[in-house]
Amino acid sequence: MFWVLLLLLAWALAGIACTRLCLAAVHAAAVDTDGTVADHGHALTLYEAAFLSGGPARVADVTMVSMARQRRLLLAHTGWATVVDPRGHDEMERSVIGAIGPEGQSRIAPVRAAAAGAEAVHRLADGLVRAGLAVPDGARTTVAAGVHQVRAAALVVPALGLTALLMPGQTVMPRLLVALWFALPLILTLSCLVIARVEVHPYSRWASPAGQRLLGALTRRSTGDGDERSFLTSVAVRGIRAIGEPELRAAFTHRDQPWRE
């Protein structure tokens, strides 16, 4: 009857993993419940839209693109950034200039990394979390870890079932019935993953559901205008792939290796 022990282990793995994911999803859903007021009357700034769409790295991208479009920062297609105007108009721009350093020239990749980790970006993130528009780090990582654990259980359960079936002389019960017993925890994990794909997936990124609704409204308002604000909004929401200028877009290809979007 050794297969019974394997079955109990399969149920334990499946039950613990699914329970953890459900609790994480409930905690993440509370972010939207606590921040329902943020859905009304809040006009997203360019930096807020960038953070909600792509996190700290996207904020650094938008800042550098904005400065480059104003000819206050040169972004070469070789992957170098050169300061033209050392006076930043806001904290984000001053963070970029400070990351480039006193020599006024640096590779884009380290500048982007330093600017993304600047204190100004941290304050921006904290404000969005308090407003209920961004998902806290803890909730985001907990949900992701729960999904990974359920996926692992979905792989381990059939492995345990196969082990039980291949062990000779362990049971007089028909092998088909043993397989059906192991199919139950497997169905549980797969069902949990399907539900997570539909319900939990929106919480796995930077924006909460309230933040996603504001991003959608911002995108609808900015389409078709063709002005500078609409261009930067497109970069904030879609990333570097929204840049039409080949040389400016080529400048960022040198940082795609260490920073995936």
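Conventions and cut-offs
Residues numbered from 1 in each chain as written. Predicted model: local features only at pLDDT ≥ 70, side-chain atom pairs only at ≥ 80, totals over all residues. Heavy atoms only, no water. Helix = DSSP H or I, 4+ residues; strand = E, 2+ residues; numbered from the N terminus. Buried < 20%, exposed > 50% of the residue type's maximum accessible area, 1.4 Å probe, protein only. Areas by Shrake-Rupley, 256 points an atom, 1.4 Å probe, with all protein chains shown as cover. Arc of directions from axis to C-beta. Phe/Tyr/Trp six-rings, centres within 6.5 Å; stacked < 30°, edge-to-face > 60°. Lys NZ or Arg CZ within 6 Å of the ring centre and 35° of its normal. Contact = heavy atoms within 4.5 Å. Polar contact = N/O pair within 3.5 Å; in protein donor to acceptor, adjacent residues only side chain to side chain. Core = buried A, V, L, I, M, F, W, Y, C linked by side-chain atoms within 4.5 Å.

### Thoughts on the overall build of the protein
Scanning the protein from terminus to terminus reveals ten helices and three strands. Element order for the protein, N to C, with α for helix and β for strand: α-α-β-β-α-β-α-α-α-α-α-α-α. Going through the 261 residues of the protein one by one, you find that 43% of them count as buried. Carbon and sulfur atoms make up 63% of the accessible area of the protein, which amounts to about 13,600 Å² in all.

### Quick look at helix H9 (residues 228-238)
Three or more residues of H9 are buried, namely Ser 230, Phe 231, Leu 232, Thr 233, Val 235 and Ala 236. Once H9 ends, the next one or two residues include Gly 239, with phi positive near 95°.

### Things to note about helix H4 (residues 108-116)
Residues of H4 that are buried: Ile 108, Val 111, Arg 112, Ala 115 and Ala 116. Each buried residue of H4 lies within a common arc of 125° when the element is viewed along its axis, so the set occupies one face.

### Quick notes on the packing of aromatic side chains
Counting across every chain of the model gives one aromatic pair. When the ring centre of Phe 231 is taken as origin, the NZ or CZ atom of Arg 69, which lies over that ring, is 3.9 Å away.

### Concerning the environment of Asp 85
Along the chain, the position of Asp 85 falls in the loop between strand E2 (80-83) and helix H3 (91-100). Distance in space between the C-alpha atoms of Asp 85 and Leu 73 is 6.9 Å, their sequence separation being twelve residues. Not counting chain neighbours up to four residues away, the residues in contact with Asp 85 comprise Arg 72 and Ile 97. Side-chain polar atoms of Asp 85 contact the backbone nitrogen of Arg 87, separated by 3.1 Å.

### Here we look at the nonpolar core
Counting residues in hydrophobic clusters, the biggest one holds 46 residues, and the most contacted among them are Phe 51, Leu 52, Val 65, Leu 75 and Phe 252. Elements with a contribution of two residues or more to this core: helix H2 (46-69), strand E1 (73-75), H3, H4, helix H5 (119-130), helix H8 (209-222), H9 and helix H10 (246-252). Residue contacts for Leu 52: discarding those within four places in its chain leaves Leu 44, Leu 128, Leu 133, Ala 134, Trp 206, Ala 207, Gly 211 and Leu 215. Within the second largest apolar cluster, nine residues are counted, among which are Trp 3, Ala 10, Val 157 and Val 178.

Note that every value here comes from positions in space, so none of it alone points to a role or purpose.
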